[in-house]
Amino acid sequence: ISSCYLLGFCVAQFPRLCATSEALRTKECCPAWQGDGSACGAMSGRGFCAEVEVSEEPWGPQYPHRGIDDRERWPLAFFNRTCRCAGNYDGFNCGECRFGYRGPGCGEFRESVRPNILSLSVAEQQRFISYLNLAKNTVNPDYVITTGTRAEMGVDGENPMFSDINTYDLFVWIHYYVSRDAFLGGPGNVWRDIDFAHESAAFLPWHRVFLLLWEHEIQKITGDFNFTIPYWDWRDAQACDVCTDALMGGRSSLNPNLISPASVFSSWKVICTQPEEYNTQETLCKANGEGPLLRNPGNHDPGRVTRLPTSADVDAVVGLTEYETDTLDRFANGSFRNALEGFANPETGMAITGQSTMHNSLHMFMNGSMSSVQGSANDPIFLLHHAFIDSIFERWLRTHTPPRTLYPRTNAPIGHNDGYYMVPFLSLYRNGDYFVTNKVLGYEYAYLMDPGQRFVQEFLTPYLQQAQNIWQWLLGAGILGALIATLVAAVVVVAIRRRKRSNRRKLQSIYGERQPLLNSSSEEGSASYQTTM
């Protein structure tokens, strides 16, 4: 049985059940839900197999081609029929729950809290690191990656090109695939001004869904469904506070570009870090190991990153009222998204070139694997960084409460319009649907909670969760305790009675046997008894 069904949430790249010649030939990805054996759980009302309806709104001039790239009008190059789930159900076969919902009927809404990694206990920090390492060393049981273009697989899918991948690298590969260059035909002939998750409106919603999916995959392989991705609050930081052997890995004393051997991350191999080689060969990243994780924080180009973002920078960016403006890309002025992504001056909101601010500045500051877009997720600091970026997005949403109409519906760069499905996820998620507060999606950030909420979360919730986890044991212990108490009481009563009988026998031996009443108590005046000497 698929672990997606057993554990409750499973959405990422290509489901194994759809990575077949038959699925490619029919262009249908509607696997059966194991609960009733029907496609998309239709017999149980969970969903049904339906035609994919993609947005026909035009994209912007940044990508002038049509019918060249598999990611255009996602997912039609691969599938035109997928599961459409009902109610709170989700997943490639409607066997899972929407974000924030749990339980066999997906009827329980539960809000989780993402903590500051520097506020976690040592044991909690080590647990997080061990979870990442487990993900790096566990082949994902439900998803595979494509190692070739759809055209390379044949008209009828007779040559399916898919490969296993571990759970951590699955997300590294997804981040590569969504941002890679488009092949135009011939070695090195590519279109570079294309990215379905960066440099326009979908940057924040796409990464929000990306982190939620990554979080859930880690929950599944660890069995810890209370796990959440922590964030690193880098405001006003003068150095990489998390770059220690106890956390995300210190600097090697032998080579400043490498991770210290004392860190588990020093043994990690990176993937998808050679985009120019892929372009020259006109091939996709195959997710093979390409060397050690690189990081040399602070030794970056000071002309490109003059300093790390400050609290004032964050406040200024959150104060921008428009989500997107004019060109809807990295040249947009006064755009909150563009300023937070790091293509604009945080103080003025005006686009700049030759410098990296905000989000981009942290990537450049790390000066290694994290500094190249396509391979940046190789560095686990990526998770901490993007969780904090997501929290700033959340601050902006709560401050301005924007209507859905503020998100661009048309003419954004390809992949970024409101109605465009996020590449390369299956199930399908529209960008505009995630232009909403994270409370709707079932999670919160510790530093954004009010003091009362924080007290409940930090002090009461852990105890309540422990009680919930052991309530059956407590109930059993209570019943056993009651039985033992009853037994003890019975023993005490019996002992007291025996003691009284013993005392009576002693008295009888002294005073003689006490006779019963000679007359009924109803006979007035005759209530007497005799003592024989």
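Residues numbered from 1 in each chain as written. Predicted model: local features only at pLDDT ≥ 70, side-chain atom pairs only at ≥ 80, totals over all residues. Heavy atoms only, no water.

Moving on to the side chain of N166. Topologically, N166 is positioned in the loop between β11 (162–163) and α4 (167–179). One polar contact links the side chain of N166 to the main-chain carbonyl oxygen of K136, over a distance of 3.1 Å. Those residues in contact with N166 that sit more than four places away from it in its chain are A135, K136, T138, V139 and N140. (Helix = DSSP H or I, 4+ residues; strand = E, 2+ residues; numbered from the N terminus. Polar contact = N/O pair within 3.5 Å; in protein donor to acceptor, adjacent residues only side chain to side chain. Contact = heavy atoms within 4.5 Å.)

Now for the sheet that holds β11. Here three strands make up an open sheet; going across it, the order is β1-β10-β11 and the pairing antiparallel. Two strands bound the open sheet, and with one partner strand each, they are β1 (14–15) and β11. Examined bridge by bridge, β1 and strand β10 (residues 143–146) share two bridges and lie antiparallel to one another. Bridge pairing in β10 links F14 to V144. (Pairing = 2+ DSSP bridges.)

So, on to the packing of helix α3 (residues 122–136) against helix α5 (residues 203–222). Two elements in contact, α3 and α5, have axes separated by 10 Å at closest approach and are oriented at 85 degrees. Here α3 lies roughly perpendicular to α5, going by the angle between them. Taken together, the residues of α5 that come into contact with α3 (itself represented by Y131, L132, L134 and A135) are I218, I221 and T222. (Axes fitted to C-alpha atoms, helices over the stretch in contact; angles between N-to-C directions. Parallel < 35°, antiparallel > 145°, perpendicular 65-115°, else oblique.)

A separate point is the pairing of strand β4 (residues 81–85). As defined by bridge partners, strand β2 (residues 28–29) adjoins β4 across two bridges and the pair is classed as parallel. Its bridge partner being in β4, C29 is matched across the sheet by T82.

A few words now on the UniProt feature "domain: Tyrosinase copper-binding" (unreviewed entry) in the chain. In the UniProt entry, the feature "domain: Tyrosinase copper-binding" (unreviewed entry) is given for residues 198–215 and 379–390. Its end C-alpha atoms 21 Å apart, residues 198–215 is made of 72% helix and 0% strand. Counting secondary structure, residues 379–390 comes out at 83% helix and 0% strand; the distance between its end C-alpha atoms is 18 Å. (UniProt positions renumbered as here; feature names shortened; annotations may be inferred.)

This part covers the nonpolar core. Grouped together as the largest cluster of nonpolar side chains are 124 residues, with contacts concentrated most on W173 and M248. Tallying contributions element by element places helix α10 (residues 381–400) first for this core, with eleven residues. Sequence-distant contacts of M248, defined by excluding residues within four places in its chain, comprise I117, F128, L132, V242, S263, F265, R295, P380, I381 and L384. Among the nonpolar cores identified, the runner-up in size contains five residues, and C30, C49, C83 and C94 belong to it. (Core = buried A, V, L, I, M, F, W, Y, C linked by side-chain atoms within 4.5 Å. Buried < 20%, exposed > 50% of the residue type's maximum accessible area, 1.4 Å probe, protein only.)

Moving on: the state of the cysteines. Enumeration according to the criterion identifies seven disulfides in this entry. Each sulfur of the disulfide joining C18 and C29 lies 2.0 Å from the other. In this structure, the disulfide formed by C18 and C29 twists by about 85 degrees around the S-S bond and is classed as right-handed. Of the two residues, C18 is situated in the loop between β1 and α2 (21–26) and C29 in strand β2; the sequence distance between them amounts to eleven residues. The burial state of C18 is the same as that of C29; both residues are buried. Between the sulfur atoms of C272 and its disulfide mate C285 the distance is 2.1 Å. (Disulfide = S-S within 2.5 Å.)

Right, let's talk about the environment of C30 for a bit. Summarising the element assignment, C30 is placed in the loop between β2 and β3 (47–51). Assessed through its relative accessible area of 11%, C30 is described here as buried. With 17 residues separating them in the primary sequence, C30 and G47 have C-alpha atoms 10.0 Å apart. In this view, C30 contacts C18, A39, C40, C49, R81, T82 and C83; residues no more than four positions away in its chain are not counted.

Another aspect to go through is the sheet that holds β4. An order of β2-β4-β3 is seen for the three strands of this open sheet, with the pairing classed as mixed. At either margin of the open sheet sits one strand with a lone partner, and together these are β2 and β3. By the bridge criterion, five bridges tie β3 to β4 in an arrangement that is antiparallel. By the bridge assignment, F48 is partnered in β4 with R84.

On to α5, then. In an α-helix, one turn spans 3.6 residues, which is why side chains three or four residues apart end up on the same side. With 20 residues, α5 should cover 28 Å at 1.5 Å per step; its first-to-last C-alpha distance of 29 Å lies within 8% of that length. Counting buried positions along α5 yields 18 of 20 residues, so the element is predominantly enclosed. Positive backbone phi, at 75 degrees, marks G223, one or two positions downstream of α5. (Expected span 1.5 Å × (residues − 1).)

Once that is clear, we can look at the pairing of β10. By the bridge criterion, two bridges tie β10 to β11 in an arrangement that is antiparallel. Residue pairing in the sheet places T146 in a bridge with F162 of β11.

Within the structure shown, the criterion is met by 44 aromatic pairs. A ring pair is formed by F92 and Y143, whose centres lie 5.8 Å apart and whose planes are at 85 degrees; its orientation type is edge-to-face. Placement of the pair is F92 in the loop between β5 (89–90) and β6 (96–97) and Y143 in strand β10, with a sequence separation of 51 residues. For the pair shown, F92 and Y143 are each scored as buried. Note on W396 and F435: the rings are 6.2 Å apart at their centroids and 50 degrees apart in plane angle, and the pair reads as tilted. Residue W396 is found in helix α10, and its partner F435 is found in the loop between α10 and β14 (443–445); the two are separated by 39 residues along the sequence. Of the residues examined, F435 reaches a relative accessible area of 5% and is grouped as buried. Every member of this aromatic cluster is reached through a ring pair, and the members are F99, Y168, F171, W206, F210, W214, F265, W268, F382, F425, Y429 and Y434. Above the plane of the ring of W33 lies R46, whose end atom (NZ or CZ) is 4.1 Å from the centre. (Phe/Tyr/Trp six-rings, centres within 6.5 Å; stacked < 30°, edge-to-face > 60°. Lys NZ or Arg CZ within 6 Å of the ring centre and 35° of its normal.)

Scanning the entire structure with this criterion turns up 33 salt bridges. E57 is paired through a salt bridge with R409; the nearest N and O atoms lie 2.5 Å apart. Of this pair, E57 sits in the loop between β3 and β4 while R409 is found in the loop between α10 and β14, placing the two residues 352 residues apart along the sequence. Judged by relative accessible area, which is 53%, R409 ranks as exposed. (Salt bridge = Lys/Arg side-chain N within 4 Å of Asp/Glu carboxyl O.)

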